[in-house]
Amino acid sequence: MPQPPAEVTLTAADVDRLLASQHPALRGELRAVASGWDNEVFRLGDDLAVRLPRREAAAHLVENEQRWLPILAPALPVRVPVPVAVGVPDDDYPWRWSIVPWFDGVRVADLPLAERDALAGEVAAALRALHVVAPPDAPRNPVRGVPLRERDGVVRGRLAGSPGLVALWDAGLAAPEWSRPDVWVHGDVHPGNLIARGGRLEAVIDFGDMCAGDPACDLAVAWTAFGPAGRARLRADLGDGYDDAMWARARAWAVAFATLLRDADDAWLRALSAHAIAQLLGE
């Protein structure tokens, strides 16, 4: 699936104007570093980044991060992008935006598989800490943390020609659905949103899809990031609270994510897709 088009195009000069107007004490050198499906990211000096929605559909996701990450962060064993300052709409830019910490390190997606697998225990610890019961007013997400049957029509259309992936998807649909209280879900745990430094997991980023629901979608990282050794460590460290039904749903979520990214614009996302499909079909 190609990256959605931007509804707002931002330059460093645009971001500097916002900073000068709303947070002048934080102004510094700006460098465009990422343009994702939902946000533009500019590095601000050495220690900060500015994260701004590039389309309306993503605007409320930033607001979720601004509200909930300060509450969740103290209980997590890794760093997360708790906003340092919050920006508001003005006459030239229509949505809320954030100034967040910049995490030095490398995307786990850019590491050799053996180095990724070595991080599986720390990823498990981060997920265990995150997957606690969410409050009644936690955000909901129509495409994350939901029963797989709600995604069947969209995902099944991407599975033509791959009976192995169809079988994994169907097995997830057949597994018992999540019946416990909804927990916090990151919603987009993949190796591009995991930052490593010095052989350790430094940070988990991009909580825009955070919501309350079934944590099985977060476990798709077992196939998108890891090989057999990393998967085994992840599952062992997550423990008995993550039962066979959840892992069947997790495989199905991995199928959904991998097939979504198969034709992505970015080469690294296509590589993520190819890796995940190979892992899924190779088990």
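Structural data are supplied above this passage.
Residues numbered from 1 in each chain as written. Predicted model: local features only at pLDDT ≥ 70, side-chain atom pairs only at ≥ 80, totals over all residues. Heavy atoms only, no water.

Asks: Explain the nonpolar core to me, please; I cannot follow it from the model alone.
Replies: The nonpolar side chains of a soluble globular protein tend to be buried, and buried together. Counting 63 residues, the largest nonpolar core has Val221, Leu234 and Trp247 as the members making the most contacts within it. If one sorts the elements of this core by residue count, helix 9 (residues 244-260) sits on top with ten residues. Those residues in contact with valine 221 that sit more than four places away from it in its chain are Val123, Leu127, Val189, His190, Leu194, Phe226 and Leu234. Counting 17 residues, the second-largest nonpolar core is a separate cluster that includes Leu18, Leu48, Leu52 and Trp95. (Core = buried A, V, L, I, M, F, W, Y, C linked by side-chain atoms within 4.5 Å. Buried < 20%, exposed > 50% of the residue type's maximum accessible area, 1.4 Å probe, protein only. Helix = DSSP H or I, 4+ residues; strand = E, 2+ residues; numbered from the N terminus. Contact = heavy atoms within 4.5 Å.)

Asks: Would you take a moment to explain the sheet that holds strand 3 (residues 48-53) for this structure?
Replies: Within a beta sheet, neighbouring strands are joined by backbone hydrogen bonds and run either parallel or antiparallel to one another. An order of 1-2-3-5-4 is seen for the five strands of this open sheet, with the pairing classed as antiparallel. With partners counted over all chains shown, the strands left at the sheet margins are strand 1 (30-35) and strand 4 (85-87), one partner each. The sheet shows a mean angle of 25° between the axes of neighbouring strands, taken without regard to direction. The sheet contact formed by strand 4 and strand 5 (residues 97-101) spans three bridges and is antiparallel. The partner of glycine 87 across the bridge, within strand 5, is tryptophan 97. (Pairing = 2+ DSSP bridges. Axes fitted to C-alpha atoms, helices over the stretch in contact; angles between N-to-C directions.)

Asks: Before we go on, may I ask you to explain the pairing of strand 3 in this structure?
Replies: Sheet faces and side chains relate simply in a regular strand, where the side chains alternate between the two faces. In terms of burial, strand 3 is a largely internal element, six of the six residues being buried. Along strand 3, one buried face is formed by Leu48, Val50 and Leu52 and the opposite face, lined by Ala49, Arg51 and Pro53, is buried too. Pairing analysis gives six bridges linking strand 2 (residues 39-44) to strand 3, with the strands arranged antiparallel. The residue bridging leucine 44 from the neighbouring strand is leucine 48, located in strand 3. What sits between the antiparallel neighbours strand 2 and strand 3 is a turn of three residues, in which glycine 45 has the positive phi angle 65°. The pairing of strand 3 with strand 5 spans four bridges and is classified as antiparallel. Bridge assignment links valine 50 to a residue of strand 5, and that residue is isoleucine 99.

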